[in-house]
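As a plain string of letters, each chain reads:
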Amino acid sequence: MTDLRDVIARQRFEQGFTDEEGQTRTVWADYAVQGDARIILHVEAEPSLRGTGAAASFMQALAEHARAERLKLVPRCSYAVAWLKRHNEFRDVAA
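Which residues make up helix α1 (residues 54-69), and what values do they have?
Spanning 16 residues, α1 covers 22 Å between terminal C-alpha atoms, matching the ideal 22 Å at 1.5 Å per step. For α1, the complete set of buried residues consists of Ala 54, Ala 55, Phe 58, Met 59, Ala 61, Leu 62, Ala 63 and Ala 66. Turning to α1, the residues buried within the fold contact β2 (12-18), β3 (24-34), β4 (37-45), β5 (72-75) and α2 (78-86). Just downstream of α1 lies Arg 70, where phi reads positive at about 60 degrees.

Here it is, written out as structure tokens:
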């Protein structure tokens, strides 16, 4: 796993994970900026990472990043909505 990156030019958070074949693959979230909020439009994992828990690990890293940077997350993607609802410990970052 690599550190979460905010690719500002693409309005995308990205994190790399190693798949079962040893290849580094990416989980990402496209976002829109609204003041100190990041509207999470879409979360996706490369096919070889699906079902491995990589997207959940990514969401945790994203929530921790938001907390550290004093950002709010506004989930629009169904996956992000469901993940934040299941993780009350990150209620402070959900808008």
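Which residues make up the packing of α1 against α2, and what values go with them?
In a pair of packed helices, the angle between the axes and the distance between the axes together describe the arrangement. Between α1 and α2, the least distance of the axes is 11 Å, while the angle of their chain directions is 70 degrees. As summarised for this structure, α1 and α2 are arranged roughly perpendicular, according to the angle between their axes. Taking contact as the criterion, the partners of Ala 55, Ala 56, Met 59, Gln 60 and Ala 63 in α1 are, on α2, Tyr 79, Ala 80 and Trp 83.

Describe in detail α2, supporting the description with residues and values.
Because an α-helix packs 3.6 residues into every turn, residues spaced three or four apart end up facing the same way. For α2, the set of buried residues is Ala 80, Trp 83 and Leu 84. Down the axis of α2, the sector holding all buried residues measures 95 degrees, keeping them to one side. The exposed set on the far side of α2, more than 90 degrees from its buried face, consists of Ser 78, Lys 85 and Arg 86. In the core, the buried residues of α2 are packed alongside β4, α1 and β5.

Residues and numbers for the pattern of salt bridges, please.
Within this structure, the stated rule accounts for six salt bridges. Two residues, Glu 44 and Arg 50, come together in a salt bridge whose shortest N-O distance is 3.2 Å. Between Asp 92 and Arg 67 there is a salt bridge, with the nearest N and O atoms lying 2.7 Å from each other. Placement of Asp 92 in the segment after α2 and of Arg 67 in helix α1 is noted, with a sequence separation of 25 residues between them. A network of salt bridges, in which partner residues are shared, links Arg 5, Arg 10 and Glu 14.

Lay out the side chain of Glu 14 with the relevant residues and their values.
Locating Glu 14 in the fold gives a position in strand β2. Relative accessible area serves as the criterion here: at 12%, Glu 14 is assigned to the buried category. If sequence neighbours within four positions are ignored, Glu 14 has contacts with Asp 3, Leu 4, Arg 5, Val 7, Thr 26, Val 27, Trp 28 and Phe 58.

About the criteria used
Residues numbered from 1 in each chain as written. Predicted model: local features only at pLDDT ≥ 70, side-chain atom pairs only at ≥ 80, totals over all residues. Heavy atoms only, no water. Helix = DSSP H or I, 4+ residues; strand = E, 2+ residues; numbered from the N terminus. Expected span 1.5 Å × (residues − 1). Buried < 20%, exposed > 50% of the residue type's maximum accessible area, 1.4 Å probe, protein only. Contact = heavy atoms within 4.5 Å. Axes fitted to C-alpha atoms, helices over the stretch in contact; angles between N-to-C directions. Parallel < 35°, antiparallel > 145°, perpendicular 65-115°, else oblique. Arc of directions from axis to C-beta. Salt bridge = Lys/Arg side-chain N within 4 Å of Asp/Glu carboxyl O.

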